[in-house]
Amino acid sequence: MSDKTLSSLEGGERITTLESHIIESQREIPGASGAFSTLLSSIGLASKIISREVRRAGLFDILGLTGDTNVQGERVTKLDIYSHNLLARMMSRCGQVCGMASEEHPDFMPVSSDLPRGRYLVCFDPLDGSSNIDVNAAIGTIFGIWRSKSSPEDCTEKDVLQSGNEIVGAGYIIYGSSTIFVYSSGRGVHGFTLDPSIGEFLLSHRDIRTPKRAKIYSCNEGNSYRWNDEGMRRFVSYLKSENNATGKPYSGRYIGSLVADFHRNLLDGGVFIYPGDKKKPGGKLRLLFEAAPLAYICEQAGGAASTGWERMLDITPKKLHHRVPLIIGSRLDVEDGERFMQGQPLPGEAAAALTGIK
Ligand code: P6P
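A. Summary view of the environment of H322. Within the element layout of this structure, H322 appears in the loop between β15 (304-306) and β16 (323-324). With 35 residues separating them along the chain, H322 and L287 place their C-alpha atoms 5.8 Å apart. If we ignore the near neighbours within four places in the chain, the residues touching H322 are L285, R286, L287, I315, T316 and P317.

Quick look at the structure:
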């Protein structure tokens with residue numbers, strides 16, 4: 001092959017797959033055994049299969065309800081169950097996990113003693129936003145990975161009740177106009193878009209950094225009359241008020257699918273709010289399966305996440321399905337939201353916007 005031809009082959013962006021990125025990241029960790037890489041690859045494979053099922057759900061009448069309800073009291077679609085079972089099976093057989101917890105299952109799930117076990121614990125929401133499946137809105141899988149404090153043979157539910165500060169890796173997969181796998185293992189946030197023609201996740205979003213200041217706010221304003229905190233109502237009014245100094249009013253965008261709302265805000269800048277209300281004083285979203293993994297990713301990308309009072313990653317769950325109020329996204333806006341919740345003054349130019357905010 002002539003030099004010219006060779007050099008033209010060398011040109012252009014190198015193609016990085018999820019697998020090669022995981023392996024290369026592992027090389028940066030002295031003494032890494034490859035266990036974490038194997039686990040992450042198992043989740044990647046499961047997400048390709050879920051993506052295939054989500055894409056053809058309408059064709060095989062897999063849509064529709066089983067008539068069951070999950071521990072959250074939410075109606076469960078067959079794809080929820082399918083995704084839960086697939087992820088639980090793939091992770092229990094990858095040889096790196098000793099226990100799991102799922103938004104779709106009431107109890108801690110220790111890996112059977114018949115199977116090889118490892119030191120990792122995984123908490124996951126197998127198909128978040130599943131109520132949107134029938135209307136073809138984007139949905140997603142969320143996962144967080146912790147290390148068991150006990151030996152693999154002895155791990156119990158108490159091992160999984162760890163704060164987000166102990167997370168060693170987290171990610172989500174969004175099944176939207178394309179399927180994108182986004183993860184962090186503590187060295188930045190990276191996104192991989194599935195090319196269905198070759199069945200590979202290809203690096204498409206290298207080192208995602210979320211804008212410090214939002215342009216979008218996301219919340220279900222239909223609930224705002226019953227939010228527990230007047231400060232949150234005032235905060236949302238502030239986000240909608242005219243203030244050129246801080247680029248307001250922000251645009252309202254709300255899909256009602258956490259992964260879809262979070263992903264858009266992560267890339268473009270935005271703040272997502274789900275406060276506690278009179279129906280769910282402690283909030284609707286789950287700490288272990290949703291809020292902590294997304295908070296880890298958001299902070300790794302330069303954003304912030306809290307309950308409005310407490311940094312999300314500092315919270316140790318009291319029980320498996322511990323719910324929390326959530327404000328997450330662009331750091332400066334999350335900090336403003338905390339000031340409104342805590343009745344603290346805003347800095348400088350933002351304060352000027354408050355005149356007239358009732
Ligand atoms: P609401 C979906 O059911 C979900 O758990 C999240 O994906 C989403 O952000 C939230 O609930 C939507 O809740 O009360 O606005 O329908």
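Still more ground to cover, so stick around.
B. Main features of the pattern of salt bridges. Here the structure, examined in full by the defined rule, presents 17 salt bridges. For the salt bridge of R56 with E53, the shortest nitrogen-to-oxygen distance reads 2.8 Å. Placement of both R56 and E53 in helix α3 (residues 35-56) is noted, with a separation of three residues, approximately one turn of the helix. As a salt-bridge pair, R226 and D277 come within 3.3 Å of each other at their nearest N and O atoms. Taken together, the residues span a long stretch of sequence, with R226 in the loop between β11 (216-218) and α6 (230-239) and D277 in the loop between β13 (270-274) and β14 (285-286) at a distance of 51 residues. On the accessibility criterion, D277 (3% relative accessible area) is buried. Through salt bridges with shared partners, one network takes in R213, D333, D336 and R339.

C. Spatial organisation of the site of the ligand. Surrounding the ligand, one finds 14 residues, the nearest of these being D128, N220, Y254, L258 and Y274. Between the ligand and the protein, one listed contact pairs an oxygen atom with a side-chain N or O atom of Y254 at 2.5 Å. In the environment of the ligand, an oxygen atom lies 3.0 Å from a nitrogen or oxygen atom belonging to the side chain of K284. Listing elements by their share of the shell around the ligand, those giving two or more residues are β13 and β14. The residue makeup of the shell around the ligand, split by class, is five nonpolar, five polar and four charged.

D. Looking closely at the nonpolar core. Grouped together as the largest cluster of nonpolar side chains are 46 residues, with contacts concentrated most on Y172 and M312. If one sorts the elements of this core by residue count, helix α8 (residues 287-300) sits on top with ten residues. When residues of this core are assigned to domains, at least three fall in each of domain 1 (5-205) and domain 2 (216-354). With near-sequence residues (within four places) excluded, M312 lies in contact with L287, A291, A292, A295, A305, S306, T307, V324, P325 and L326. Core analysis: the second largest hydrophobic core is formed by 39 residues, I22, L86, C94 and F181 among them.

E. Structural detail: the sheet that holds strand β12 (residues 251-252). Read from one edge of the open sheet, five strands run β12-β11-β13-β17-β15, paired in mixed fashion. The open sheet has two edge strands, β12 and β15, and neither has a second partner. In terms of strand pairing, β11 meets β13 through three bridges, oriented parallel. Its bridge partner lying in β13, S218 is registered against F272. Packed on one face of the sheet, α6 meets β11, β13 and β17 (326-329) and runs near 155° to β13. Helix-sheet contacts for α8 involve β15 and β17, and the interaxial angle to β17 is about 30°.

F. The packing of aromatic side chains, seen in detail. Across all of its chains, the model carries nine aromatic pairs by this definition. The interplanar angle of 45° and the centroid separation of 5.8 Å between the aromatic rings of F143 and F181 together place this pair among those described as tilted. Here the residue F143 occupies a position in strand β6 (residues 139-147), and F181 occupies one in strand β8 (residues 179-184), the gap between them amounting to 38 residues. Comparing F143 with F181 shows no difference in burial state: the two are buried. Measuring from centroid to centroid gives 6.2 Å for F181 and Y183, while their planes differ by 70°, and the two rings are edge-to-face. Just as F181 is buried, Y183 falls in that class too. Three or more aromatic residues joined by ring pairs make a cluster, and in this case those are F143, F181, Y183, F192 and F201.

G. Inspection of the layout of surface pockets at higher detail. If you add up the space inside the second largest pocket, you get close to 250 Å³. What lines the second largest pocket is a set of 20 residues, among which I29, F36, Y120, R147 and R187 lie closest to the centre. Going through the elements one at a time, α2 (18-27) and α3 are the ones with two or more residues in the lining of the second largest pocket. Ranked by residue count, the leading element in the lining of the second largest pocket is α3, at four residues. In the lining of the second largest pocket, the residues fall into eleven nonpolar, six polar and three charged.

H. Fine view of the packing of helix α7 (residues 258-268) against α8. At a minimum axis distance of 12 Å, the contact between α7 and α8 shows a crossing angle of 15°. Classified by the angle between their axes, α7 and α8 sit roughly parallel to one another. Along this stretch, α7 crosses α8, giving a crossing that reads as right-handed. Where α7 abuts α8, its residues L258, F262 and L266 lie against E290, L294, I297 and C298. Among the residues forming the contact of α7 with α8, the class breakdown is six nonpolar, no polar and one charged.

Parameters at a glance
- Residues numbered from 1 in each chain as written.
- Predicted model: local features only at pLDDT ≥ 70, side-chain atom pairs only at ≥ 80, totals over all residues.
- Heavy atoms only, no water.
- Helix = DSSP H or I, 4+ residues; strand = E, 2+ residues; numbered from the N terminus.
- Contact = heavy atoms within 4.5 Å.
- Salt bridge = Lys/Arg side-chain N within 4 Å of Asp/Glu carboxyl O.
- Buried < 20%, exposed > 50% of the residue type's maximum accessible area, 1.4 Å probe, protein only.
- Near = heavy atom within 4 Å.
- Polar contact = N/O pair within 3.5 Å; in protein donor to acceptor, adjacent residues only side chain to side chain.
- Nonpolar A, V, L, I, M, F, W, Y, C, P; charged D, E, K, R; others polar.
- Core = buried A, V, L, I, M, F, W, Y, C linked by side-chain atoms within 4.5 Å.
- Domains from an automatic or database assignment.
- Pairing = 2+ DSSP bridges.
- Axes fitted to C-alpha atoms, helices over the stretch in contact; angles between N-to-C directions.
- Phe/Tyr/Trp six-rings, centres within 6.5 Å; stacked < 30°, edge-to-face > 60°.
- 1 Å grid on protein atoms, 1.4 Å probe; cavity = no way out; pocket = protein on both sides within 12 Å on 5 of 7 lines; lining within 4 Å.
- Points joined across faces, edges and corners; volume = space filled by probe spheres on them.
- Parallel < 35°, antiparallel > 145°, perpendicular 65-115°, else oblique.
- Left-handed = near helix turned anticlockwise from the far one by under 90°.

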